[in-house]
Amino acid sequence: MNFLDPSQSAALPSGQESPSSACAAVPEKPSLVGATRAELADACRSLGIPEREVKMRTAQLWHWIYFQGATSFDVMLNIGKALRARFAESFSLTRPMVVAEQVSQDGTRKWLLRLAPVSADDRGAEVECVYIPESDRGTLCVSSQVGCTLTCSFCHTGTQKLVRNLSTREIVAQLIVARERLGDFPGLTPPTGGLLPSAENRAVSNIVFMGMGEPLYNFDNVRDAVGVLSDGDGLALSKRRITVSTAGVVPQIERLGAEASPMLAISLHAVRDDLRDRLVPLNKKYPLKELLEACRTYPGLSNARRITFEYVMLKGINDSPAEARELVRLLKGIPAKINLIPFNPWPGAPYECSEWERIEAFSDIVFSAGYASPVRTPRGRDILAACGQLKSETEKLRARAQLVVEG
Ligand code: SAH
């Protein structure tokens with residue numbers, strides 16, 4: 001996601017930072033945190049739990065892991081002691097490690113998470129997720145991949161190589177970590193302050209897949225993660241409050257609607273194919289016409305359930321009044337919201353953010369045509385809460401530390 005201004009980068013790394021050289025081993029016991037119901041059922045079967053009991057045990061684990069936020073099998077008192085011990089012997093409830101936490105003056109929090117290594121030479125990939133509190137909601141921006149393959153020319157993650165897809169567990173675990181740190185699970189005291197947890201008053205009320213990666217290039221895991229996140233007996237986020245953002249992987253948009261039906265956001269950014277080809281190279285494969293057709297047929301759309309079109313404001317590139325009018329024309333007939341995003345510059349970025357008057361004029365045209373067109377307020381400016389920036393900053397600091405050690 002995109003909030004800020006790296007010129008402010010000197011400000012506050014307020015969290016813990018663990019040495020990058022700490023080489024974690026592949027965990028012996030798989031963690032059940034983030035598992036789907038089918039995976040929990042398989043875990044039960046692997047312990048020899050009889051088939052007639054599997055459903056009940058799965059439901060118990062589900063409740064403890066996702067509703068209560070349990071960090072140990074010991075607390076699962078409706079599971080007998082001997083069976084709890086067998087679970088603990090074969091599985092863990094380990095979460096990804098919080099490598100860095102930064103808290104902005106405006107309440108935005110950013111976590112850099114280290115995932116468990118998946119092979120002997122893996123030191124544990126890192127992803128970031130960001131929490132943005134607002135008066136009427138709290139949004140968690142999650143990553144779906146480590147790095148990205150899309151190379152959008154204005155996006156910092158585009159400059160980082162794709163390392164791998166996140167598993168369903170690793171996607172879901174981002175919400176678990178956030179709920180834990182914000183005190184969102186019943187019975188947990190927030191370590192860093194936070195709202196009192198209750199179904200109506202949880203700190204995290206919304207999820208957006210707008211962190212690192214292209215969610216629709218990791219389709220199965222994102223679909224299954226939406227299933228776990230929205231399950232009413234556990235994490236219980238309504239699908240209306242889960243938004244998957246895509247640069248426009250057209251064939252997967254229809255599948256997403258059919259198999260998961262979360263809210264959809266499209267990173268549009270341009271109204272002509274020649275320009276969009278440059279900003280979002282995926283457009284060469286799936287041009288505007290096909291993309292908008294896929295949007296038109298996304299299931300369940302209505303005035304109350306609209307597609308969000310994201311449009312990053314790039315000075316002198318895509319910000320003219322004529323382009324605003326063309327945008328309105330293109331979206332005709334699609335229940336849409338337009339989200340104008342001031343460009344977040346990053347070191348070496350080939351673009352600048354549009355002038356404020358230019359953004360306002362653009363927004364006025366869109367608004368007069370009947371669309372809500374909020375300009376996304378930059379958040380977390382003092383902690384670089386932008387896409388890909390936490391990871392890069394942390395790597396830079398480490399590289400510097402390395403130089404000092406070696407020099
Ligand atoms: N791959 C997905 C989700 C990740 S990006 C997608 O493309 O939608 C989430 C949003 O942040 C996208 O709209 C993306 O275009 C935007 N974004 C990325 N870098 C940005 C930057 N530096 N400034 C403003 N918006 C940016």
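Above this text you will find the structure in question.
Since the structure is predicted, the reported quantities are computational estimates derived from the model, not experimental observations.

1. What to know about the overall build of the chain
Of the regular secondary structure elements, the chain holds 11 helices and 11 strands. Expressed as a percentage of its 407 residues, the buried residues of the chain come to 55%. Considering only contacts within the chain whose residues lie at least 6 apart along the sequence, 68% involve residues at least 24 apart.

2. Some remarks on the pattern of salt bridges
Scanning all chains against the criterion turns up 24 salt bridges. Between Arg-164 and Glu-170 there is a salt bridge; the shortest N-O distance is 2.8 Å. Accessibility expressed as a relative area gives 17% for Arg-164, which makes it buried. Classification of Glu-170 by relative accessible area gives buried; the value is 12%. A single salt-bridge network, built from bridges that share partners, covers Asp-220, Arg-223, Asp-224, Arg-255 and Glu-259.

3. Some points on helix α3 (residues 81-90)
Among the residues making up α3, those that are buried are Leu-83, Arg-84 and Phe-87. Seen from one end, α3 has its buried residues packed into an arc of 105°, which puts them on one side. Projecting away from the buried face of α3 at angles above 90 degrees are the exposed residues Lys-81, Ala-82 and Glu-89. Looking at the buried positions of α3, the neighbouring elements they touch are α1 (37-46) and α2 (51-68).

4. Some details on the pairing of strand β4 (residues 138-141)
On β4, burial covers both faces: Gly-138 and Leu-140 on one face and Thr-139 and Cys-141 on the other are all buried. As defined by bridge partners, strand β3 (residues 126-133) adjoins β4 across 4 bridges and the pair is classed as antiparallel. Looking at β4, one finds that Pro-133 is bridged to Gly-138. The turn linking β3 back onto β4 is made up of 4 residues.

5. Brief notes about the sheet that holds strand β11 (residues 336-342)
Strand order in the open sheet formed by 9 strands is β1-β2-β3-β4-β7-β8-β9-β10-β11, and the pairing between neighbours is mixed. Each of the sheet's edge strands pairs with one partner strand only, and the pair in question is β1 (97-103) and β11. Along the sheet, successive strands turn relative to each other by an average axial angle of 20°, direction set aside. Direction of pairing for β1 relative to strand β2 (residues 109-114): antiparallel, over a ladder of 6 bridges. The residue bridging Ala-100 from the neighbouring strand is Leu-112, located in β2.

About the criteria used
- Residues numbered from 1 in each chain as written.
- Predicted model: local features only at pLDDT ≥ 70, side-chain atom pairs only at ≥ 80, totals over all residues.
- Heavy atoms only, no water.
- Helix = DSSP H or I, 4+ residues; strand = E, 2+ residues; numbered from the N terminus.
- Buried < 20%, exposed > 50% of the residue type's maximum accessible area, 1.4 Å probe, protein only.
- Contact = heavy atoms within 4.5 Å.
- Salt bridge = Lys/Arg side-chain N within 4 Å of Asp/Glu carboxyl O.
- Arc of directions from axis to C-beta.
- Pairing = 2+ DSSP bridges.
- Axes fitted to C-alpha atoms, helices over the stretch in contact; angles between N-to-C directions.

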